[in-house]
Each structure stands twice: as C-alpha cells, then as structure tokens.
Amino acid sequence: LQGFRCTESPNGRSTLSADSSVICWEAGEHRQVVMLGIVAVLVYPITFLALTFVACFFYASLSALYGIRFTACVRFLVVRVRPDLLIFAFLGQLKNFLISLLPTLTSNYHIQVCLMLTVLLSWSFLQLWFKFWRSHLINVVDAYMNFVTIIMLVGFALLSSEKRNMDKAIVGWLTISLFLAATTASIVLVVCKMLSALHPSSGYSIFISHHKAAAAVYARHLKLVFQDQGCSR
C-alpha cells in the first residue's frame with residue numbers, strides 16, 4: 001500500500017511519502033507502483049477475506065462434506081467464536097483489513113482518526129450486543145481493549161492538535177497510562193489462562209467420547225444440539 005500514500009507538497013502537487021521525487025498520479029512510475037499494489041491487495045487480502053467468508057458462512061455444510069480435514073484447516077478462525085455466530089470470525093478479519101487500509105485512503109490525519117473510530121466503535125457495538133466470543137472473560141477483555149484503543153486514538157489525535165490552551169502533558173500521560181493498563185490486563189489474562197489450564201474444571205453436564213477422525217463432525221453436531229437444549233458444558 002506504499003504506492004497509495006501521498007503527501008501534499010507546498011507547490012500544490014502530491015508526492016509519494018516513501019519517495020518525494022515521485023509525483024503521485026502523474027508519473028508513469030507511480031502508476032506502475034499503484035497497479036502492483038492493486039494486484040497485491042486482490043491476490044492476498046481480498047482473496048483471504050473471500051475464502052474466510054465462505055468458510056464461516058458455509059461452515060456447517062463444508063464440515064459435513066469434507067469432515068475433519070476442513071475443520072482442522074479453519075480451526076484457527078472459528079475456535080474462539082460461538083458456533084451460532086461464526087460470521088463474526090469473518091467480520092473480525094474484515095475489521096483488521098479496514099484498520100490497515102483506511103489510513104492509506106487520505107493523508108489528512110483527522111479524517112484517518114474519524115474513519116478508524118467509526119470501525120472501532122462499530123465493532124465494539126457488535127461485540128457488546130452479540131457477545132460472540134465463546135468465553136465470558138474474552139468478551140470482557142475484548143470490550144476493554146476496544147475501549148482503551150478508542151481512548152488512545154482520541155488521545156493521539158489531541159496530541160497532534162495545534163490548540164495552545166490544551167495541556168498536552170496530561171493527555172500524553174493519560175494515553176501512556178491507558179497503554180500500560182491494557183498491557184497489564186493482557187498479562188493478567190495470559191496468567192489466568194495458564195492457571196486454568198493447570199487446574200481444569202471437571203464439571204460437565206454431558207461428556208461425548210468419539211473417534212477423532214471418523215466421528216468428529218458428528219460429535220460437534222451433537223454438542224451444538226445439546227447446547228441449544230441448555231447444556232452449557
């Protein structure tokens with residue numbers, strides 16, 4: 001995406017941020033860089049998002065068709081999402097792509113902040129409304145991380161402001177404090193998960209034992225049926 005990042009020059013023209021000798025949208029060299037960037041985006045991010053959408057939206061039918069091979073391939077994508085809300089695994093990847101893409105659409109920092117806040121606030125609203133993560137702890141931590149990210153983004157926007165009547169030192173220390181708080185929360189979460197792994201809970205309403213390869217998909221279907229009936233574990 002370097003070919004899309006241009007900076008306004010005093011003479012009214014835009015030059016490439018990575019190389020100020022290249023004039024954006026005029027020089028043939030810049031057009032070549034833009035074409036390569038478009039091809040790269042289509043080959044990797046867009047293709048990955050398309051495959052992710054298919055895997056999440058048609059998870060049940062593809063699992064029945066391809067069995068354990070398919071579920072093992074997409075486990076990294078759906079393992080932390082509730083089985084009835086797998087589409088949010090795709091939306092999470094889409095959110096990450098937008099966060100990477102939006103800053104390249106404009107060189108205006110304030111517009112970049114507004115676009116980023118729109119994505120983060122939309123994701124936070126969906127996360128708080130649907131609570132699509134399997135674990136209650138992950139839902140709480142994700143909501144907290146989203147809140148901290150939004151506040152830090154606003155803090156950085158204030159630090160870049162040219163208003164002289166604002167104490168930037170206070171804003172800076174507040175932003176740093178929130179970053180340290182988020183880092184501490186991440187460490188605490190990792191420690192809690194390690195402790196829970198060392199001392200697993202043994203309380204189950206129903207325990208399903210099955211052949212790993214031949215009956216994995218059928219056992220997962222039974223698990224979903226039991227969960228719909230109100231069995232949490």
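All values reported here derive from a predicted model rather than from experimental measurement.

Q: I'm lost on the overall build of the protein chain in this one. Help?
A: On a plain count of helices and strands, the protein chain comes out with nine helices and two strands. From first element to last, N terminus to C terminus, the protein chain shows the α and β order β-β-α-α-α-α-α-α-α-α-α. Taking 2.2 N^0.38 as the reference for a compact globule, 233 residues should give roughly 17 Å; the C-alpha atoms of the protein chain span a radius of gyration of 23 Å, well beyond that estimate. Its C-alpha atoms put the protein chain at 70 × 45 × 30 Å along the principal axes. The buried share of the protein chain, reckoned over its 233 residues, is 29%. Within the protein chain, residue pairs in contact and separated by at least 24 positions form 53% of the contacts whose partners lie at least 6 positions apart. On the protein chain, roughly 15,600 Å² of surface is accessible, and the fraction owed to carbon and sulfur atoms is 68%. Where the 18 positive side-chain charges of the protein chain centre and where its 9 negative ones centre are 16 Å apart.

Q: Please explain the nonpolar core as it appears in this structure.
A: Across soluble globular proteins, nonpolar side chains have a tendency to be buried as a group. Of all hydrophobic cores here, the largest spans 20 residues; its most connected members are Y59, F70 and F132. Contributing elements (two or more residues each) for this core: α1 (28-57), α2 (59-66), α4 (75-78) and α5 (87-101). Ignoring any residue separated from it by four or fewer positions in sequence, one finds Y59 in contact with V54, F70, T71, V74, V78, L86 and R220. Core analysis: the second largest hydrophobic core is formed by seven residues, V113, M116, L117 and L153 among them.

Q: When you look at a nonpolar patch on the surface in this model, what are you seeing that I'm missing?
A: Together, M35, I38, L42 and I46 line one region of the surface with nonpolar side chains, adding up to about 350 Å² of accessible area. Note on placement: I38 falls in helix α1. Classification of I38 as partly exposed rests on a relative accessible area of 35%.

Q: It is not clear to me how the side chain of Q127 should be interpreted in this structure. Could you clarify?
A: Mapped onto the secondary structure, Q127 falls in helix α6 (residues 109-130). A residue is classified by how much of its surface remains accessible, and Q127, at 1% relative accessible area, is buried. For Q127, the side chain forms a polar contact with the main-chain oxygen of N139, separated by 2.9 Å.

Q: Before we go on, may I ask you to explain the pattern of salt bridges in this structure?
A: One side chain can pair with another of opposite charge once the charged atoms of both are near each other. As enumerated under the stated definition, the model contains one salt bridge in all. With its nearest N and O atoms 2.8 Å apart, the salt bridge here joins D84 to R82. R82 sits in the partly exposed class, given a relative accessible area of 27%.

Q: Looking at this structure, I do not really get the confidence of the model for the protein chain. What am I missing?
A: In low-pLDDT segments, the atomic positions of the prediction should not be examined closely. With 91% of its residues at a pLDDT of 70 or more, the protein chain shows a mean pLDDT of 81. For the protein chain, helix α9 (residues 216-228) is the element with the lowest average pLDDT, namely 75, and α5 is the one with the highest, namely 91.

Q: How should the packing of aromatic side chains be read in this particular structure?
A: In this description, a pair of aromatic rings is defined by centroid distance and the angle of the planes. Enumeration over the complete set of coordinates arrives at 10 aromatic pairs. Taking 5.3 Å as the distance between ring centres and 70° as the angle between the ring planes, the aromatic pair formed by F53 and F90 counts as edge-to-face. On the criterion of sequence distance, the pair formed by F53 in helix α1 and F90 in helix α5 is long-range, its members being 37 residues apart. In this structure F53 comes out as partly exposed when scored by relative accessible area, which is 33%.

Rules of the game
Residues numbered from 1 in each chain as written. Predicted model: local features only at pLDDT ≥ 70, side-chain atom pairs only at ≥ 80, totals over all residues. Heavy atoms only, no water. Helix = DSSP H or I, 4+ residues; strand = E, 2+ residues; numbered from the N terminus. Rg over C-alpha atoms; globule rule 2.2 N^0.38 Å. Buried < 20%, exposed > 50% of the residue type's maximum accessible area, 1.4 Å probe, protein only. Contact = heavy atoms within 4.5 Å. Areas by Shrake-Rupley, 256 points an atom, 1.4 Å probe, with all protein chains shown as cover. Lys, Arg positive; Asp, Glu negative; His and termini not counted. Charge placed at Lys NZ, Arg CZ, Asp CG, Glu CD. Core = buried A, V, L, I, M, F, W, Y, C linked by side-chain atoms within 4.5 Å. Patch = residues over 30% accessible without salt bridge, like charges linked within 9 Å, V, L, I, M, F, W, Y side chains within 5 Å. Salt bridge = Lys/Arg side-chain N within 4 Å of Asp/Glu carboxyl O. Polar contact = N/O pair within 3.5 Å; in protein donor to acceptor, adjacent residues only side chain to side chain. pLDDT = per-residue confidence, 0-100. Phe/Tyr/Trp six-rings, centres within 6.5 Å; stacked < 30°, edge-to-face > 60°.

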